[in-house]
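Examining the three-dimensional arrangement
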Amino acid sequence: MQKRKALITGITGQDGSFLAELLLAKDYEVYGIVRRSSSFNRGRIDHLHQPSEISGLRLIYGDMNDSSSLNKALRTVKPDEIYNLAAQSHVRVSFDIPEYTGEVTALGTLRMLEAIRESGISPRFYQASSSELFGNTPEIPQHETTPFLPRSPYAISKLFAYWTTVNYRESYNMFAVNGILFNHESERRGENFVSRKITRSAARIKLGLQDKLVLGNLDARRDWGYAKDYVEAMWLMLQQDKPDDYVIATGESHSVRDLLDVCFSRIDLDWHDYVEISPHYFRPSEVNHLMGDASKALRELGWRPTINFEGLIHIMVDADLADLQANNKFQDPNAGELEYQRAAR
Ligand code: NAP
Ligand code: G4F
């Protein structure tokens, strides 16, 4: 029997790497679109990229801002499923580069949907929508019918992508779905998102590599889950009889302060001794409280999270400690600190 073929945009990111692992384990042929970068950007998928004849993973150069590369990828791969995970995904950064964020995150999705329409094939399409769509809605918890109130160029770009996906489903009868995923993290999370910034810094502080951690708003509340659980939900959405949109969340919310408590107590330190607050890390407009109601996903997809908040933060800080120790990054206390502080936005 022919293997099913999946095409993943954003395969080099946190979710792309976990999704590629999941699909390879399900015996898919996996194709990933990667963009050219001056420094190596495949650290998260290196372990999967053995000779492709063995691993079933193949990488193709392309970019969400380059329609012809998307058209070509569809023509050559002819995928059964497409997972559109590529985005400029950092909310704070989207205020600095709003136009670029819109290009990649909003128009990039439109380009991919148009490429599908023009290709003459009928792959199932997953769009990486976000709880940021809900913004500062007064409704808590948020579910599929909660009105959207986006608060950043990122969220507005994702709103465009969300409605474009719905529109292509309704207008062209495409199997196109939105996964409205709440925050999900892991040991592979980018180091400038708050969870990983905290776990990485805590591990560095524990090993004497860093003496302070500078953060922004500690009162923001998020519904944080484990990325590995969430990619399973993406796949499930594309296995249904009919296309629909689903909220994926744990149903619990915690503040950034709670995250500091759990993380630092895991390594027997008191975060109050190390954390400083800087206006630099506040956003022009903040999303205060996100908490999702994933009961539709539980009912229709049979999906539920397996890792709770505390378990997630423990996985992350333990992995950061182990990584720093294994790579002897703790032997020179000054190495890389300045560079690290600058990069951790
Ligand atoms: P991530 O780690 O930031 O990964 C983003 C991916 O997009 C990377 O592979 C990146 O490539 C790629 N990309 C960026 N610009 C591109 C372009 N112009 N052309 C092609 N590829 C491009 O994000 P993530 O956390 O895995 O999230 C995956 C998706 O889910 C994103 O769309 C994000 O907005 C959305 N989402 C995430 C969460 C969450 O909590 N993680 C929640 C809801 C929705 P490089 O490696 O080359 O930079
Ligand atoms: O970790 P964050 O940067 O994630 P944010 O803004 O919630 O966005 C993430 O989740 C979305 C889903 O809801 C995704 F769509 C999006 O792609 C991304 O993955 O910030 C979380 C909270 C914010 O309220 C922020 O103000 O942490 C607060 N925070 C406080 N100090 C900080 C910092 N955030 C960052 N990145 N850095 C800080 O120093």
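Residues numbered from 1 in each chain as written. Chains lettered and ligands numbered in written order. Predicted model: local features only at pLDDT ≥ 70, side-chain atom pairs only at ≥ 80, totals over all residues. Heavy atoms only, no water.

Considerations on the site of ligand 1
Neighbouring ligand 1 are 25 residues; Thr12, Asp15, Ser89, Tyr154 and Lys158 lie closest to it. Here glycine 10 contributes a backbone N or O atom positioned 3.3 Å from an oxygen atom of ligand 1. Here a nitrogen atom of ligand 1 sits 2.8 Å away from a polar atom, N or O, in the side chain of aspartate 63. Starting from 900 Å² of accessible surface for ligand 1 in isolation, the protein chains cover 90%. Looking at the shell around ligand 1, the elements that each hand over two or more residues are α1 (14-25), α5 (98-119), β5 (124-130) and α6 (153-172). Considering each element in turn, the shell around ligand 1 owes the most residues, three residues, to β5. For the shell around ligand 1, the residue count by class is 10 nonpolar, 10 polar and five charged. (Near = heavy atom within 4 Å. Polar contact = N/O pair within 3.5 Å; in protein donor to acceptor, adjacent residues only side chain to side chain. Areas by Shrake-Rupley, 256 points an atom, 1.4 Å probe, with all protein chains shown as cover. Helix = DSSP H or I, 4+ residues; strand = E, 2+ residues; numbered from the N terminus. Nonpolar A, V, L, I, M, F, W, Y, C, P; charged D, E, K, R; others polar.)

Description of the pattern of salt bridges
Summed over the entire model, instances satisfying the criterion amount to 19 salt bridges. The partner of glutamate 114 in a salt bridge is arginine 117, and the shortest N-O contact between them spans 2.8 Å. Here arginine 117 and glutamate 114 lie together in helix α5, a separation of three residues that amounts to about one turn. Close ionic contact of arginine 189 with glutamate 185 constitutes a salt bridge, the shortest N to O distance being 2.7 Å. The class for glutamate 185 is buried, based on a relative accessible area of 1%. Among the charged side chains, a network of salt bridges with common partners joins Glu191, Arg196, Arg200, Asp320 and Asp323. (Salt bridge = Lys/Arg side-chain N within 4 Å of Asp/Glu carboxyl O. Buried < 20%, exposed > 50% of the residue type's maximum accessible area, 1.4 Å probe, protein only.)

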